[in-house]
Structures are given as C-alpha cells and as structure tokens.
Amino acid sequence: MSYIAPAVQAKFETLSIDLKNEILERNVQINTIYDLIQVLDDIVNTRK
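Residues numbered from 1 in each chain as written. Predicted model: local features only at pLDDT ≥ 70, side-chain atom pairs only at ≥ 80, totals over all residues. Heavy atoms only, no water.

Q: Help me understand a nonpolar patch on the surface, please; the structure alone is not making it clear to me.
A: The grouping of I33, Y34 and I37 at the surface amounts to a nonpolar patch, some 330 Å² of accessible area in total. Relative to the helices and strands, I33 resides in helix α3 (residues 33-46). On the basis of relative accessibility, which here comes to 35%, the residue I33 falls in the partly exposed class. (Patch = residues over 30% accessible without salt bridge, like charges linked within 9 Å, V, L, I, M, F, W, Y side chains within 5 Å. Areas by Shrake-Rupley, 256 points an atom, 1.4 Å probe, with all protein chains shown as cover. Salt bridge = Lys/Arg side-chain N within 4 Å of Asp/Glu carboxyl O. Helix = DSSP H or I, 4+ residues; strand = E, 2+ residues; numbered from the N terminus. Buried < 20%, exposed > 50% of the residue type's maximum accessible area, 1.4 Å probe, protein only.)

Now the structure itself:
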C-alpha cells in the first residue's frame, strides 16, 4: 500500500488523477518531494 506523507500531500494533489493512480498502484512510500520526483521519473522512464 502506498503512503504519501502529509508534507508532500499538497504537491501530490496537484497531479492528474491518472498520475496519482499510477503512483498509488506502485506501492511506494513518498516522504519527501525528492521521493515524489523519483517516482515521477520512474514513470517517465517506463513510458519511453
């Protein structure tokens, strides 16, 4: 189950529903903005 820390929640909520769903499906822990950037980078790299 994915976890989005309260400190990052506001930034997470600015993403599209599709991106949020994809992040949540990855079962990741996002504690910092850097964690969020890393997950987004992984998504971009898997779509190439």
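Q: What is the right way to look at the pattern of salt bridges in this model?
A: When the charged atoms of two side chains lie near each other, side chains of opposite charge can form a pair. What the rule picks out here adds up to three salt bridges. Between R26 and E22 there is a salt bridge, with its nearest N and O atoms 3.4 Å apart. Overall, R26 belongs to the partly exposed group, its relative accessible area being 31%. A salt bridge links E22 to R47; its shortest N-O distance comes to 2.5 Å. Residue E22 is located in helix α2 (residues 17-25), and its partner R47 is located in the segment after α3; the two are separated by 25 residues in the primary sequence.

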